[in-house]
Amino acid sequence: MKHFIAIFFLLVPPPSALAGSCPAAPVEIEKAIRQHIVTLRAVEYCAARTVKNEGGITVAIYTAEGACASLSSQAKPGTCSNNWVRYMIALSSQPVTAPVEVGGKGGLNDTRVKISEGIIEVNGLSPGPNDPLCCPSVPETKRFKLSPSGLGQVRP
């Protein structure tokens, strides 16, 4: 039995290794993401984090899973639902912006970020009327403008 346990722990990686590490971002962005995740009482799915730096602007899009903030003060963070939400923050010569929601379960699944002249364009797929939540098929683009007051969505 001792041999079985020893082999088990050698072959099975720790949960932290399974989760993977987050793509690197500037310290200010890392701190802002951590604070937001703690406030939501969620966990971050690091494998889905996107960091883009162009023209002096750094953008991070990250996923908060299982938020507990509005559901239970006793539950372990990240265990309150199977919902996930994608948030974006930006850093330029201004302080880090407040997070804005860009998508998530049942909404935009982003696949590309482009930054040009203070406009951040997030492209991806959203669920169509007959799509299951797993498999969005409708192309969608959201645009956000970076200003001294933060990120605001630009409506067509």
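I will try to describe carefully the structure that is included in this document. (Residues numbered from 1 in each chain as written. Predicted model: local features only at pLDDT ≥ 70, side-chain atom pairs only at ≥ 80, totals over all residues. Heavy atoms only, no water.)

A large share of strand β3 (residues 57–65) lies buried, amounting to eight of its nine residues. Bridge analysis of strand β1 (residues 43–44) against β3 gives two bridges, and the strand direction is antiparallel. The residue bridging Val 43 from the neighbouring strand is Glu 65, located in β3. Two elements, strand β2 (residues 50–54) and β3, share five bridges in a ladder whose sense is antiparallel. For Thr 50, the partnering residue across the bridge sits in β3 and is Ile 61. Linking two consecutive strands that pair antiparallel, namely β2 and β3, is a turn of two residues; a positive phi of about 55° is found at Gly 55 within it. Across eight bridges, the pairing between β3 and strand β4 (residues 84–91) is antiparallel. Looking across to β4, one finds that Glu 65 is bridged to Trp 84. (Buried < 20%, exposed > 50% of the residue type's maximum accessible area, 1.4 Å probe, protein only. Helix = DSSP H or I, 4+ residues; strand = E, 2+ residues; numbered from the N terminus. Pairing = 2+ DSSP bridges.)

Positionally, Gly 78 belongs in the loop between β3 and β4. Along the sequence, Gly 78 and Ile 37 sit 41 residues apart, while their C-alpha atoms lie 9.2 Å from each other. In contact with Gly 78, not counting residues within four places along its chain, are Arg 41, Ala 42, Val 43, Glu 65, Gly 66 and Cys 68. (Contact = heavy atoms within 4.5 Å.)

As a further point, take the state of the cysteines. Under the counting rule described, the total for this entry stands at three disulfides. Covalently, Cys 22 is tied to Cys 46 through a disulfide, its sulfur atoms 1.8 Å apart. Between Cys 22 and Cys 46 the sulfur-sulfur dihedral comes to about -45°; the bridge is accordingly left-handed. Separated by 24 residues along the polypeptide, Cys 22 in the loop between α2 (15–19) and α3 (27–40) and Cys 46 in the loop between β1 and β2 bring together distant segments of the chain. A relative accessible area of 24% means that Cys 22 is categorised as partly exposed. When its relative accessible area of 12% is taken as the criterion, Cys 46 is described as buried. (Disulfide = S-S within 2.5 Å.)

Let us now look at the pattern of salt bridges. One pass over the full model with this rule turns up six salt bridges. Glu 30 is the salt-bridge partner of Arg 49, the closest N and O atoms lying 2.8 Å from each other. Separated by 19 residues along the polypeptide, Arg 49 in the loop between β1 and β2 and Glu 30 in helix α3 bring together distant segments of the chain. A single burial state applies to Arg 49 and to Glu 30, both of which are buried. Between Arg 86 and Asp 110 there is a salt bridge; the shortest N-O distance is 2.8 Å. Here the residue Arg 86 occupies a position in strand β4, and Asp 110 occupies one in strand β6 (residues 109–116), the gap between them amounting to 24 residues. The same class applies to Arg 86 as to Asp 110, namely buried. Three or more residues are tied together by salt bridges with common partners; here these are Glu 30, Glu 44 and Arg 49. (Salt bridge = Lys/Arg side-chain N within 4 Å of Asp/Glu carboxyl O.)

Shape is all these values report; function is a separate question.
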